[in-house]
Number of protein chains: 2
Amino acid sequence: MTYCLGILLPDGLVLASDSRSNAGIDQVALVKKLAVFEVPGQQVVAVLSAGNLATTQAVVTALRESAGSGAPGQDLHAARSMFDVAQLIGGKLREVIARDGHYVQPFGDPHGTFLVGGQITGEPPRLFHIYSAGNFVEASDRSRFLQIGETKYGKPILDRALTNATTLDEAAKLSLLSFDATMRSNLSVDAPIDLLRYAADSFSARNLATVEKDDPYWIELRQRYAEGLANLVSSIPPPPQWG
Amino acid sequence: MTYCLGILLPDGLVLASDSRSNAGIDQVALVKKLAVFEVPGQQVVAVLSAGNLATTQAVVTALRESAGSGAPGQDLHAARSMFDVAQLIGGKLREVIARDGHYVQPFGDPHGTFLVGGQITGEPPRLFHIYSAGNFVEASDRSRFLQIGETKYGKPILDRALTNATTLDEAAKLSLLSFDATMRSNLSVDAPIDLLRYAADSFSARNLATVEKDDPYWIELRQRYAEGLANLVSSIPPPPQWG
């Protein structure tokens, strides 16, 4: 399983992914699900993957190989908008499924999905969810976060706490709390967490971090949240005897 | 959609269900998903339903009609253990699916699932999850809660806070918090919430309450939890700049 999260804010983007890959519970591995394409000062694009790993790796590798090639409709670095990037990735996904899908189907689901967030000069930061079909939807100030993979356990904290006034650093904290909830309830989502805080108009991916299981901040966050929540729950009186 | 929750504790059982029924978003209704079968002093059995409403109502109505009839293998009141009750309900579910399933399939999923909790004299309280196939699993001190329907949003709070030392009243509070999380993230789960606190060896369902949307305790619970969580999140410092 996988959990990837993208948050679009007035200040920029927060993008995060876990690292667990599994094909059956006896075949597990750690993989990187967040790929960054960067032309410093001009373009930062992050691609987060869920679903069939062979499919999503084929898409990301093809993107990597074509980046900077100048090949029309293939070169991510030549895209003039994030919409073009989303279309390019959706198209690449359709190519891979058309080529491999039929062979993979007897063994499992060949499909994959992506979150694609970033900024290209001349536009504000944008965030897309690319479906298995290769079509996509865009985040906006009315729906600030998009998720793929194991989405439900980590959604309540975002539904409650994320607002249009949330800063990039606060959103990064909420993302980690969302991953904490997911990892506690689903063993097939696991650290390290790749976490990119992209500040609008920075055109740089320097704030990309890998949060390991033993990272002191991550340990403190989980502990303070668990203790605080336990205290909060005890502080609320039990229900009356209605009957 | 539906959310039903059952918790097995040393002190007894907590069972809760929402009331939203929907067949498409333009055909919604409120229904009761928690049915109680009671022989005061001898037997209390609660049956909570999720899935196809016609199927689950057919099962519960058949149980109701046969209760006390003395018909062998049909009479819930004559069951000598909760295991027998689970088997009886699983069998009834198979009957309904065998009779109606073929006709319903072209229009939607005919299946249903149940949580069945209660106590029969001579046994401690027990709790079962009856699958669509009519087979079932039982809760234990290693897996104290079972859920059916929209299970994920309300699971993190239970994973965190429920322990073997949780009292019946505390578990009732946690159940309502679990419903709060679910209702905030999924509009198709809605109040009123039917909530049964069954005290072990009471053989009475007198602590069955219907918690309406405007219930003062419910309003206070949601508000205190939302405020407390917001305060907790703000009290945790944001992540460092790892990069």
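These numbers were taken from a predicted model, which means no experiment stands behind them.

One finds A:I7, A:Y225, B:I7 and B:Y225 to be the most contacted residues of the largest nonpolar core, which totals 62 residues. Not counting residues up to four positions away in its chain, the partners in contact with B:Y225 are A:R160, A:L229, A:L232, A:V233, A:I236, B:I157, B:L177 and B:D180. One finds B:V47, B:V60, B:I89 and B:F128 within the second-largest nonpolar core, a separate group that totals 23 residues.

Time to look at the side chain of A:S81. All names here are of chain A. Here S81 shows up in the loop between α1 (53–66) and α2 (82–104). Residue classification places S81 among the buried residues on the basis of a relative accessible area of 12%. In this structure the side chain of S81 is engaged in a polar contact, spanning 3.0 Å, whose partner is the backbone nitrogen of D84.

Okay, the sheet that holds strand β5 (residues 34–39) of chain B next. Strand pairing in a sheet is mediated by backbone hydrogen bonds. Such pairs are either parallel or antiparallel. All names here are of chain B. Taken together, five strands build an open sheet; the order of strands is β5-β6-β7-β8-β9 and the sheet is antiparallel. Whereas interior strands pair on both sides, the edge strands pair on one side only; in this sheet they are β5 and β9 (136–138). The sheet shows a mean angle of 20 degrees between the axes of neighbouring strands, taken without regard to direction. Across five bridges, strand β7 (residues 112–120) lies against strand β8 (residues 126–130) in antiparallel orientation.

Accessible area lost during the coming together of the parts is what is often quoted as the interface size. Between chain B and chain A, the residue contacts involve 45 residues of the former and 45 residues of the latter. Between chain B and chain A, roughly 4200 Å² of surface is buried when both sides are summed, and carbon and sulfur atoms account for 62% of that area. Among the residues of chain B in contact with chain A, B:R160, B:I236 and B:W242 are the three that bury the most area, contributing 18% of the side total. Seen at the junction of chain B and chain A, the total is four salt bridges. In this structure, A:E150 and B:K152 form a salt bridge, with 3.0 Å as the shortest nitrogen-oxygen distance. Remark: the boundary between chain B and chain A carries 22 residue pairs in polar contact (both at pLDDT 80 or more).

The final tally for this structure, using the stated rule, is 32 salt bridges over all chains. When the shortest N-O distance is used, the salt bridge between A:K33 and A:D18 registers 2.7 Å. With A:K33 in the loop between β4 (28–30) and β5 (34–39) and A:D18 in the loop between β2 (12–17) and β3 (20–22), this residue pair connects regions lying 15 residues apart in the sequence. The same class applies to A:K33 as to A:D18, namely buried. With a shortest N-O distance of 3.1 Å, B:D100 and B:R99 are connected by a salt bridge. Its relative accessible area of 52% is what places B:R99 among the exposed residues. Because the salt bridges share partners, they merge into one network encompassing A:R160, B:D180, B:R184 and B:R222.

What counts, and where the lines are drawn
Residues numbered from 1 in each chain as written. Chains lettered and ligands numbered in written order. Predicted model: local features only at pLDDT ≥ 70, side-chain atom pairs only at ≥ 80, totals over all residues. Heavy atoms only, no water. Core = buried A, V, L, I, M, F, W, Y, C linked by side-chain atoms within 4.5 Å. Buried < 20%, exposed > 50% of the residue type's maximum accessible area, 1.4 Å probe, protein only. Contact = heavy atoms within 4.5 Å. Helix = DSSP H or I, 4+ residues; strand = E, 2+ residues; numbered from the N terminus. Polar contact = N/O pair within 3.5 Å; in protein donor to acceptor, adjacent residues only side chain to side chain. Pairing = 2+ DSSP bridges. Axes fitted to C-alpha atoms, helices over the stretch in contact; angles between N-to-C directions. Buried area = accessible area lost by both parts, 1.4 Å probe. Salt bridge = Lys/Arg side-chain N within 4 Å of Asp/Glu carboxyl O.

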